[in-house]
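# Topology and contacts: notes
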Amino acid sequence: MTESELTDTATDPEIGAARRRAAHWNSAYETKGAEGVSWYQSAAQPSLGLITEHAPDPGSAIIDVGGGSSHLVDALLRAGYTDVTVLDVSARALHDARDRLSDSAERATWIEADLLAWVPQQRYDVWHDRAVFHFLTDAHDRGHYVDLVSASVEPGGHLVVGAFAADGPEACSGLPVVRYAAQVLAAEFARAFELRSHQRVDHVTPWGSVQPFTWVVLARRHS
């Protein structure tokens, strides 16, 4: 299943920004390949472990925003999850993932969309974000993201976010990022979510550099 969209409600400047982001990330994947980008993982950890811990029901609705060509969808499908969505602005990244999964790709939903111009059509039990939120250097964009995830996660559901740690890189793929300690990252979502757990994980890039990440699991309040 596939879906590609730029919402009709987006303004011309927003559409232009979305197209620039798509071009940037398509270029990154086309230039370096799915296994050559800095964020490549052969095994999607700690993502898989955090999702299965907090949403053990294989019928849970899970979305991986900015999932690109990540192997998380492969692992979730192997684990028996039946409602898995991958959203990314890069058509190339989604194509690579679907091609890798072959016939199994039809068991997931694939959305080619800019996250900041996307209108969800359902609610999710788990919203997973590895290294998307930290690219939102504009406070307005972060506020929009928080509104979006707050409206999209079921009460009692979970938000799983990984972002560069406070001592992590200041940029990625030529773009600036915001770095976070766990409490600071959780505070961004405090209006609707409560911190359940956090951890520091060192990601090793394909060329051996170490990138410290802060991971948080946040629970959606019921009111």
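Relevant structure appears above.
The following paragraphs examine the structure supplied in this document. (Residues numbered from 1 in each chain as written. Predicted model: local features only at pLDDT ≥ 70, side-chain atom pairs only at ≥ 80, totals over all residues. Heavy atoms only, no water.)

### Quick word on the pairing of strand β9 (residues 193–204)
Note: β9 against strand β10 (residues 210–220), 11 bridges, orientation antiparallel. Opposite S197, over in β10, you have V217 as the bridge partner. Where β9 hands over to β10, the hairpin turn is made up of 5 residues, of which G208 adopts a positive phi near 95 degrees. (Pairing = 2+ DSSP bridges. Helix = DSSP H or I, 4+ residues; strand = E, 2+ residues; numbered from the N terminus.)

### Concerning the packing of aromatic side chains
Think of a pair of aromatic rings as described by two things: how far the centres are apart, and how the planes are tilted against each other in angle. Overall, the coordinates contain 11 aromatic pairs when judged by the stated rule. Taking 5.2 Å as the distance between ring centres and 70 degrees as the angle between the ring planes, the aromatic pair formed by W25 and F135 counts as edge-to-face. With W25 in helix α1 (residues 12–32) and F135 in the loop between β5 (124–130) and α5 (139–152), this pair connects stretches of sequence that are 110 residues apart. Residue class for W25 comes out buried when judged on its relative accessible area of 14%. Centroid distance W127 to Y145: 5.8 Å. Interplanar angle 75 degrees. Geometry classified as edge-to-face. Of this pair, W127 sits in strand β5 while Y145 sits in helix α5, placing them 18 residues apart in sequence. For W127, a relative accessible area of 0% gives the class buried. For Y145, a relative accessible area of 1% puts it in the buried group. Clustering of aromatic rings is evident, with ring pairs tying together W118, W127, F133, Y145, Y180, F189 and F193. The ring of F213 carries R130 above its face, with NZ or CZ at 5.6 Å from the centroid. (Phe/Tyr/Trp six-rings, centres within 6.5 Å; stacked < 30°, edge-to-face > 60°. Buried < 20%, exposed > 50% of the residue type's maximum accessible area, 1.4 Å probe, protein only. Lys NZ or Arg CZ within 6 Å of the ring centre and 35° of its normal.)

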